[in-house]
Amino acid sequence: MGAITRRFGEKVDCIVTESYIYAPVDLSLCKDVKRVKVVRSLWDTGASVTLISARVAKVLGLTSIGKSGVSGYNEGIDVKDTYCVHVGLPTGDIVTNIMAMEFESDEYDAVIGMDVIGKGDLAVTNLSDKTTFSFRIPSKEEIDFARFALSL
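Residues numbered from 1 in each chain as written. Predicted model: local features only at pLDDT ≥ 70, side-chain atom pairs only at ≥ 80, totals over all residues. Heavy atoms only, no water.

Enquirer: Looking at this structure, I do not really get the confidence of the model for the chain. What am I missing?
Expert: Close reading of the predicted structure is inappropriate where its pLDDT is low. Summarising the model, the chain shows a mean pLDDT of 89, and 88% of its residues fall at 70 or more. Summarising per-element confidence for the chain, the mean pLDDT is lowest in helix α3 (residues 145–150) (73) and highest in helix α2 (residues 114–117) (98). (pLDDT = per-residue confidence, 0-100. Helix = DSSP H or I, 4+ residues; strand = E, 2+ residues; numbered from the N terminus.)

Enquirer: In this structure, what is going on with the pattern of salt bridges? I would like to understand it.
Expert: Note on pairing: side chains with opposite charge can pair once their charged atoms come close. With the rule as written, the count across this model stands at six salt bridges. Across the pair D81 and K67 runs a salt bridge, and its minimum N-O distance is 2.6 Å. Separated by 14 residues along the polypeptide, D81 in strand β6 (residues 78–88) and K67 in strand β5 (residues 66–70) bring together distant segments of the chain. Linked through salt bridges whose partners overlap, the residues forming this network are D121, R136 and E141. (Salt bridge = Lys/Arg side-chain N within 4 Å of Asp/Glu carboxyl O.)

Enquirer: What is the right way to look at the nonpolar core in this model?
Expert: In terms of nonpolar packing, the biggest core is built from 26 residues, with I21, I52 and V85 touching the most fellow members. Broken down by secondary-structure element, the contributors of at least two residues to this core are β2 (15–22), β3 (35–43), α1 (54–60), β6, β7 (94–103), β8 (110–112), α2 and β10 (132–137). Once you skip the residues sitting within four places of it in the chain, V85 turns out to touch I21, Y22, P24, I52, L62, V95, T96, N97, I98 and A100. (Core = buried A, V, L, I, M, F, W, Y, C linked by side-chain atoms within 4.5 Å. Buried < 20%, exposed > 50% of the residue type's maximum accessible area, 1.4 Å probe, protein only. Contact = heavy atoms within 4.5 Å.)

Enquirer: Help me understand the pairing of β10 in this model?
Expert: Look at any regular strand and the pattern is simple: side chains alternate between the two faces of the sheet. Examined bridge by bridge, strand β1 (residues 2–7) and β10 share six bridges and lie antiparallel to one another. Across the sheet, residue I4 finds its bridge partner in β10, namely F135. Bridge analysis of strand β9 (residues 121–125) against β10 gives five bridges, and the strand direction is antiparallel. Across the sheet, the residue bridging to A123 is S134, located in β10. Connecting the antiparallel pair β9 and β10 is a turn made up of six residues, with S128 showing a positive phi of about 55°. (Pairing = 2+ DSSP bridges.)

Enquirer: Explain the packing of aromatic side chains here, please?
Expert: When we look at a pair of aromatic rings, we describe it by the centre distance and by the angle of the planes. A complete count under the given rule lists three aromatic pairs for this structure. Measuring from ring centre to ring centre gives 6.3 Å for Y20 and Y22, while their planes differ by 45°; the resulting arrangement is tilted. A relative accessible area of 23% means that Y20 is categorised as partly exposed. For Y22, a relative accessible area of 9% corresponds to the buried category. (Phe/Tyr/Trp six-rings, centres within 6.5 Å; stacked < 30°, edge-to-face > 60°.)

Enquirer: I keep staring at the sheet that holds β10 and nothing clicks. Help me out?
Expert: Across a sheet, paired strands are connected by hydrogen bonds in the backbone, their directions being either parallel or antiparallel. Read from one edge to the other, the open sheet built from three strands follows the order β1-β10-β9, with strand pairing classed as antiparallel. Every other strand in the sheet has two partners, leaving β1 and β9 as the edge strands with one partner each. Across this sheet, the average inter-strand angle for adjacent strands is 5°, counted without regard to direction. (Axes fitted to C-alpha atoms, helices over the stretch in contact; angles between N-to-C directions.)

Here it is, written out as structure tokens:
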């Protein structure tokens, strides 16, 4: 039940934070949970599901729970392995039992998709060409910029 705000000194074209990907275990029963720190996790409201790289899956020793098709970032549909994981957010919260799809990227080891983002509140502003990103989980209230504009 935390929140994070990141301020950038310029207007950015993507939001990237740290996160953790955990093997799917009962976290309350484990003291030494295997996890991978992901330094470059892209937050993507256009991704319906969370994605993890093959490297992360290999380091955690994950076993595929199935396959799923993905489209949008290249031509056609790619069929990729899916895994059950827990996602540790920079808020300190852990979202459990997320079906993450494998993907290939030279830039990122994880993409935080709407399956995780949709559990909280997200805002991105660009005042004076400087991006501010805020996220809190769980969702607490509606953020309505139009309402604020009417009161000015």
